[in-house]
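Each chain, written out:
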Amino acid sequence: MVNEKIMNKYVILIAMLASFGVAFTSNAVSVALPTIAVDFNITNIMQNWLVNIYLLVIAAASVPFGKICGKYGLNKTMGIGLIGYVVGSILSGIAFNIEFMLVARIIQGIASAVLFVNSMAIITEQVPPQKRGQAIGITVTGVYLGLTLAPTVSGFLVEYVGWRSIFYITVPLILISYYLLTRIDKEWIIGGGDPIDVKGSLLYVVGILILMYGFTILHDVIGIITVVIGLVILAIFAKYELKEQYPIYDMHLFRNVKYTSSNIASLISYFATFVVTYILNYHLQYLNGFSPETTGLILIVTPLIMAIGAPIAGRLSDKINPQILAAIGMIIVSIALVILCFLDETTPLYMIFISMILQGVGFSLFSTPNNNVILGSVDKKDIATASASLSTVRTIGQSFSLGLLTLVFAYIMGNVPIIPQHYPQLILSSQVTMILSTILCIIAILLSLMGIKSGNKN
């Protein structure tokens with residue numbers, strides 16, 4: 001129905017709108033957590049699970065969906081994901097208790113996994129290689145625009161309309177994305193004749209769910225046992241996949257130094273940084289007494305800079321070695337996190353702003369170039385798998401990041417409501433989490449520099 005040039009624009013716009021919607025809803029919930037906690041009468045740890053369940057489902061679903069979506073068509077499955085996301089959003093908005101909300105978030109997570117995988121895969125399949133970095137940068141800009149607007153818009157909505165409205169506001173944009181998709185009569189099939197590796201899929205999903213859940217309760221003996229069981233199942237999964245003719249995830253890709261190091265760097269970077277929004281949100285609303293609206297206005301700084309910097313970094317990564325850009329970005333992020341290691345009730349607001357600015361600059365320099373390395377280091381037949389990796393490592397890292405805060409909460413605060421008498425423990429929890437996150441960032445710097453001299457394609 002449209003020519004190739006227009007189709008390229010449609011594909012980029014669809015991916016950007018879908019990425020925006022998913023990112024907005026994910027980040028908007030963070031500002032609303034204290035208000036939702038009051039309405040549903042839930043503790044500090046259960047607040048984190050409203051976000052963590054969503055991330056956990058995306059991480060578990062992305063790997064099998066990487067193959068499933070490619071086999072049955074990126075266009076078709078993208079449409080299913082968009083509709084599923086709308087359904088999950090509406091159900092989240094009408095939730096009447098915490099159990100209903102968690103089920104709705106699971107539905108959102110499944111649909112979001114489809115959107116995450118397909119957005120990058122469609123761009124990589126449709127957009128010419130010489131324009132790929134810029135296209136990825138625009139899509140990442142959609143993510144950062146969603147993250148940018150989420151705190152401010154969510155804060156306003158929570159303050160004047162109610163927290164339920166944050167789940168409805170992105171629905172029109174997702175429907176626009178769906179309409180544009182119906183205007184494209186092209187289908188992208190990757191591995192259409194290959195059978196689905198059901199056994200491998202089950203091993204991965206069960207293993208990653210057990211591992212990630214166990215990490216959040218690592219302070220308990222049962223948590224340690226659960227983590228070990230999860231790791232054993234994932235080891236069995238890896239061994240099985242190496243022998244499988246049509247694996248759900250081609251483990252041989254990890255022989256590629258650039259692919260491996262960039263994926264691990266991405267996982268660790270999200271592990272280190274995702275929690276910052278939640279720490280600052282709790283700090284500003286509980287310790288500083290700011291309203292959700294004011295908190296949202298402050299939290300806009302980092303994602304706004306990311307939104308501005310992502311397309312610039314994307315263009316730079318087409319001209320400059322993207323691994324060098326990624327390493328420089330993580331160095332800047334590390335400096336930002338060092339500042340937050342000293343966060344307490346006496347920390348001036350301008351220091352928080354400086355940290356947020358540095359994090360925005362650093363992560364925009366890291367994210368798009370690192371994605372470009374991952375997608376550019378594999379053959380065309382492996383693009384769907386590489387795209388699934390982008391989604392998987394991001395969400396596993398984010399879930400572990402929030403799991404780290406949950407774990408620190410459990411050790412230092414216990415399972416309690418966040419009230420004034422527990423504020424000293426809240427401060428200590430934030431500082432300990434930031435120290436651990438800084439160490440993780442340093443590791444990500446080293447990983448970003450690995451493989452620069454390797455012969456793997458890029």
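Note that the structure is predicted; figures quoted are calculated from it, not measured.

Engineer: When you look at the layout of surface pockets in this model, what are you seeing that I'm missing?
Structural biologist: It is a probe the size of a water molecule, rolled over the atoms, that shows where empty space is left. In this structure, the largest pocket encloses a volume near 490 Å³. When contributions to the lining of the largest pocket are tallied by element, the ones reaching two or more residues are α7 (198-216), α8 (221-243), α9 (257-273) and α15 (383-412). Here the residues of the lining of the largest pocket are counted per class, giving 17 nonpolar, three polar and no charged. If you go around the second largest pocket, you meet 18 residues; those closest to its centre are Lys-67, Gly-191, Asp-194, Pro-247 and Lys-381. Mapped by element, the contributors of at least two residues to the lining of the second largest pocket are α2 (44-72) and α15. In terms of residues, the lining of the second largest pocket owes the most to one element, α2, which gives three residues. The residue makeup of the lining of the second largest pocket, split by class, is seven nonpolar, four polar and seven charged.

Engineer: Please clarify how α2 should be interpreted in this entry.
Structural biologist: An α-helical turn contains 3.6 residues, so a residue and the one three or four places further along point in the same direction. Between its terminal C-alpha atoms α2 stretches 41 Å, which fits the 42 Å expected from 29 residues at 1.5 Å a residue. Residue Ser-62 marks the point of greatest curvature in α2, where the axis turns by about 40 degrees; the proline Pro-64 follows within four residues. Of all 29 residues that make up α2, 25 are buried, and the element is covered over most of its length.

Engineer: Sorry, what's going on with unusual backbone geometry here?
Structural biologist: Leaving glycine aside, a negative phi is the common case for residues, and trans is the common case for peptide bonds. In this model, Asn-41 sits at a positive phi of 55 degrees, which is unusual for a non-glycine residue. The residue Asn-41 is located in the loop between α1 (4-40) and α2 in this model. On the basis of relative accessibility, which here comes to 70%, the residue Asn-41 falls in the exposed class.

Engineer: Mind showing me how you'd approach helix α13 (residues 322-340) here?
Structural biologist: The end-to-end C-alpha separation of α13 is 27 Å, in line with the 27 Å expected for 19 residues at 1.5 Å each. Between the side-chain oxygen of the N-cap and the backbone nitrogen of Gln-323 there are 2.9 Å, and the N-cap of α13 in question is Asn-321.

Engineer: Explain the environment of Glu-159 to me, please; I cannot follow it from the model alone.
Structural biologist: Tracing the sequence through the fold places Glu-159 in helix α5 (residues 129-160). We classify Glu-159 as partly exposed; its relative accessible area is 36%. Residue contacts for Glu-159: discarding those within four places in its chain leaves Ser-291, Pro-292 and Glu-293.

Engineer: Where do I start with the packing of aromatic side chains in this structure?
Structural biologist: Aromatic rings in a pair are described by how distant their centres are and how their planes are angled relative to each other. If you walk through the whole model with that rule in mind, you get 18 aromatic pairs. Taken together, a centroid distance of 4.9 Å and an interplanar angle of 45 degrees make the contact between Phe-96 and Phe-100 tilted. A relative accessible area of 58% means that Phe-96 is categorised as exposed. Aromatic side chains Phe-363 and Phe-366 sit 5.7 Å apart centroid to centroid with 50 degrees between the ring planes, which places their arrangement in the tilted category. Placement of the pair is Phe-363 and Phe-366 together in helix α14 (residues 349-376), with a separation of three residues, close to one helical turn. A single burial state applies to Phe-363 and to Phe-366, both of which are buried.

Engineer: Where do I start with the side chain of Asp-197 in this structure?
Structural biologist: Residue placement: Asp-197 occurs in the loop between α6 (171-182) and α7. There is no salt bridge for the buried Asp-197, and the closest opposite charge comes from Lys-199, which lies 8.1 Å off by N-O distance. A polar contact of 2.9 Å, which involves the side chain of Asp-197, links it to the backbone nitrogen of Gly-200. Aside from chain neighbours lying at most four places away, what touches Asp-197 is Tyr-240, Glu-241, Glu-244, Tyr-246, Pro-247 and Ile-248.

Engineer: How should empty space enclosed by the protein be read in this particular structure?
Structural biologist: The full count for this structure, using the stated rule, is two cavities of 30 Å³ or more. The computed volume of the largest cavity comes to approximately 590 Å³. What lines the largest cavity is a set of 36 residues, and nearest its centre among them are Val-143, Tyr-144, Leu-147, Tyr-270 and Gln-398. Looking at side-chain class alone, the lining of the largest cavity contains 21 nonpolar, 14 polar and one charged residues. By volume, the second largest cavity is sized at about 40 Å³. If you go around the second largest cavity, the residues you meet are Ile-279, Tyr-282, His-283, Leu-287, Leu-343, Asp-344, Leu-426, Ile-427 and Ser-430. Elements that contribute at least two residues to the lining of the second largest cavity include exactly α10 (275-287) and α16 (423-449).

Thresholds applied
- Residues numbered from 1 in each chain as written.
- Predicted model: local features only at pLDDT ≥ 70, side-chain atom pairs only at ≥ 80, totals over all residues.
- Heavy atoms only, no water.
- 1 Å grid on protein atoms, 1.4 Å probe; cavity = no way out; pocket = protein on both sides within 12 Å on 5 of 7 lines; lining within 4 Å.
- Points joined across faces, edges and corners; volume = space filled by probe spheres on them.
- Helix = DSSP H or I, 4+ residues; strand = E, 2+ residues; numbered from the N terminus.
- Nonpolar A, V, L, I, M, F, W, Y, C, P; charged D, E, K, R; others polar.
- Expected span 1.5 Å × (residues − 1).
- Bend = angle between axes of the 7 residues up to and from the residue.
- Buried < 20%, exposed > 50% of the residue type's maximum accessible area, 1.4 Å probe, protein only.
- Polar contact = N/O pair within 3.5 Å; in protein donor to acceptor, adjacent residues only side chain to side chain.
- Contact = heavy atoms within 4.5 Å.
- Phe/Tyr/Trp six-rings, centres within 6.5 Å; stacked < 30°, edge-to-face > 60°.
- Lys, Arg positive; Asp, Glu negative; His and termini not counted.
- Salt bridge = Lys/Arg side-chain N within 4 Å of Asp/Glu carboxyl O.

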